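Per-entry structural report
The primary structure of each chain is shown beneath.
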Amino acid sequence: MSRRVLITGGAGFIGSHTCIVLLEAGYDLLVLDNFSNSSPEALARVASLADVPLDGQQLQIKRGDIRDPITLDELFSAAAASGRPFEAVIHFAGLKAVGESVEKPLFYWDVNVAGSRTLLAAMDAHACRTLVFSSSATVYGYPETVPILESAPIQPINPYGFSKAAVEQMLADLNSGTPNTWRIASLRYFNPVGAHPSGQIGEDPLGIPNNLFPFVSQVAVGRRAQLRVFGSDWPTHDGTGVRDYVHVMDLAEGHKAALETLLSQGPQHLTCNLGSGDGASVLDVVNAFSAASGQGIPYALVDRRPGDAAVTIADPSRAADILQWRTKRTLTDICRDGWAWQRANPMGYRQSE
Ligand code: NAD
Ligand code: UDP
């Protein structure tokens, strides 16, 4: 019988790609999502790409909120009563916009921290104690050394980063307070980008994108006039900021690797960077995307964005050692697949709703 996994936030960018990888590996999934930052259409496309029925046994869908203990209790109870309990949870549901987190800190503490606490309490009550958690490289704040090891100081610089660090701390407390009980992986993603190679699912930000990749894609497709490059005087090879961009399909495979590591090993709390170990500057991204799309990407060099670091690059060796996972896809692959998604869906999922 297939292993069954609860995926919170599974309709979102990283969740939808992870669902495909897990469905193709034979897992049965239940996606819990309130669709506050995603579209049900993403799951319809996941079902079609993975060749499973929509809302059937392999991919069930529940609209609901991780902060609602009744919804969670009903889900876990129904799963147990059906004889197909959840063996694990992959917890993507959360908020991720740094600027919004500064403006609405209570909202971020509520969804990201209180929501995770509510989920953990339900998991504990139903004896489902295997969790893969979406953390972020943002917990490192301004890194003191690059590439960044997991042992680097945790020093967030905004409410979003604090909310992720708080959940990691909650998980560490749970692991030390109830030893030999929980199997937990906190995955610190670097910069997730790209799309499924089919071009059918991808990142679909609401409004004007804050992040580089969706902005560049929207300039390439003609939705935005030009990119503003935040800072050309950083201490980097071309003066623009350097990041560790990870193809979302590599990231999706990283979740499968983490899940299988936890299911095959004993209780533990693992913390792993998910990054490539390579850095690309803003202008490297502009040039690679322009080459992949055949489109010019007009840009203007402007002042630095407050809160930015010059360089953020993962040391990915722990994930390689423990999860047997490393990135396989290049910046060229990222741009090709990101462009396939953007070109086929210039308005994201909305055009097909
Ligand atoms: P996303 O916004 O595309 O996906 C999050 C999903 O969670 C969405 O489908 C949203 O509707 C859902 N959701 C939000 N609040 C919910 C709630 N209260 N109850 C139920 N569902 C809810 O984001 P993503 O890029 O796929 O990120 C997934 C996770 O990874 C998030 O926790 C995010 O903080 C983390 N993360 C993302 C990045 C990134 O750059 N994308 C980097 C590091 C960490
Ligand atoms: N960036 C930029 N213009 C934009 C958005 C981002 O020049 O419109 C730069 C940003 O300053 C950083 C890099 O692109 O150097 C990646 O930014 P993003 O917001 O995607 O990721 P993060 O800074 O959160 O790692």
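Look a little higher up for the structure.
This brings us to the site of ligand 2. Around ligand 2, the surrounding shell holds 14 residues, and the nearest of these are Leu212, Arg228, Arg243, Arg305 and Asp308. Between ligand 2 and the protein, one listed contact pairs an oxygen atom with a side-chain N or O atom of Asn211 at 3.0 Å. Note that an oxygen atom of ligand 2 is positioned 2.8 Å from one of the side-chain N or O atoms of Arg243. Protein contacts shield 87% of the accessible area of ligand 2, which totals 520 Å² for the unbound molecule. Top contributing element to the shell around ligand 2 by residue count: strand S8 (residues 227-230), with 4 residues. Split into classes, the residues belonging to the shell around ligand 2 amount to 6 nonpolar, 4 polar and 4 charged.

Under the counting rule described, the total for this entry stands at 8 aromatic pairs. Seen in terms of ring centroids, Phe76 and Phe86 are 5.5 Å apart; in terms of plane orientation they differ by 90°. Their pairing is edge-to-face. Of this pair, Phe76 sits in helix H3 (residues 69-81) while Phe86 sits in the loop between H3 and strand S4 (88-91); the two residues are 10 residues apart in sequence, bridging distant segments of the chain. Pair check on accessibility: Phe76 and Phe86 agree, each one buried. Through a chain of ring-to-ring contacts, the aromatic side chains of Phe213, Tyr245, Phe289 and Trp339 assemble into a single cluster. Over the face of the ring belonging to Trp234 we find Arg304, whose NZ or CZ atom lies 3.8 Å from the ring centre.

Turning to the pairing of strand S5 (residues 130-136), a few remarks are in order. For S5, the buried fraction is high: 7 of the 7 residues fall into the buried class. Judged by which residues are buried, S5 turns out to be covered on both faces: Thr130, Val132, Ser134 and Ser136 on one side and Leu131, Phe133 and Ser135 on the other are all buried. Sheet analysis places S4 next to S5, joined by 3 bridges and oriented parallel. In the strand pairing of S5, Val89 is matched with Leu131. The pairing of S5 with strand S6 (residues 183-189) spans 7 bridges and is classified as parallel. By the bridge assignment for S6, Val132 is matched with Ala185. For the segment spanning S5, helix H6 (residues 159-177) and S6, crossover handedness is right-handed.

Evaluation of the coordinates by the stated rule reveals 20 salt bridges. Where Asp308 meets Arg305, a salt bridge forms, and the shortest distance between an N and an O atom there is 3.2 Å.

Parameters and conventions
Counting restarts for each chain, with residues numbered from 1 along the sequence as it is written. The lettering of chains begins at A and the numbering of ligands begins at 1, in the order of writing. Restriction of local features to residues with pLDDT of at least 70 applies here, the model being predicted, together with a cutoff of 80 or more for giving and counting side-chain atom pairs; totals for whole chains, interfaces and linings are based on all residues. Hydrogens and waters are ignored; side-chain quantities use all the structure's heavy atoms. Proximity is defined per residue: if any heavy atom of the residue lies within 4 Å of a molecule or strand, that residue is considered near it. Polar contacts, as counted here, are pairs of nitrogen or oxygen atoms within 3.5 Å of one another; within protein the pair requires one atom able to donate a hydrogen and one able to accept it, and residues that are adjacent in sequence qualify only if both atoms are side-chain atoms. In this description, accessible areas are obtained by the Shrake-Rupley approach with a 1.4 Å probe, and a residue is regarded as covered only by the protein chains that are shown. Going along the chain from the N terminus, every DSSP run of H or I of four or more residues is numbered as a helix, and every run of E of two or more is numbered as a strand. Amino acid classes used here: Ala, Val, Leu, Ile, Met, Phe, Trp, Tyr, Cys and Pro are nonpolar; Asp, Glu, Lys and Arg are charged; the rest, including Gly, are polar. For this analysis, a ring pair means two rings from Phe, Tyr or Trp (six-membered ring only for Trp) whose centres lie within 6.5 Å, classed as stacked if their planes differ by under 30 degrees, edge-to-face if by over 60, and tilted for the remaining angles. Each residue's exposure class comes from its accessible area (1.4 Å probe, protein chains only) as a fraction of the maximum for that residue type: buried when under 20%, exposed when over 50%, partly exposed otherwise. For a Lys NZ or an Arg CZ to count as sitting over a ring, it must be within 6 Å of the ring centre and within 35 degrees of the ring normal. Only strands joined by at least two bridges in the DSSP assignment are considered to pair. Handedness of a crossover is defined as follows: orient the strands so they point away from the viewer, and if the path from the first strand over the helix to the second runs clockwise, the crossover is right-handed. Take a side-chain nitrogen of Lys or Arg and a carboxyl oxygen of Asp or Glu: if they are within 4 Å of each other, that pair is a salt bridge.

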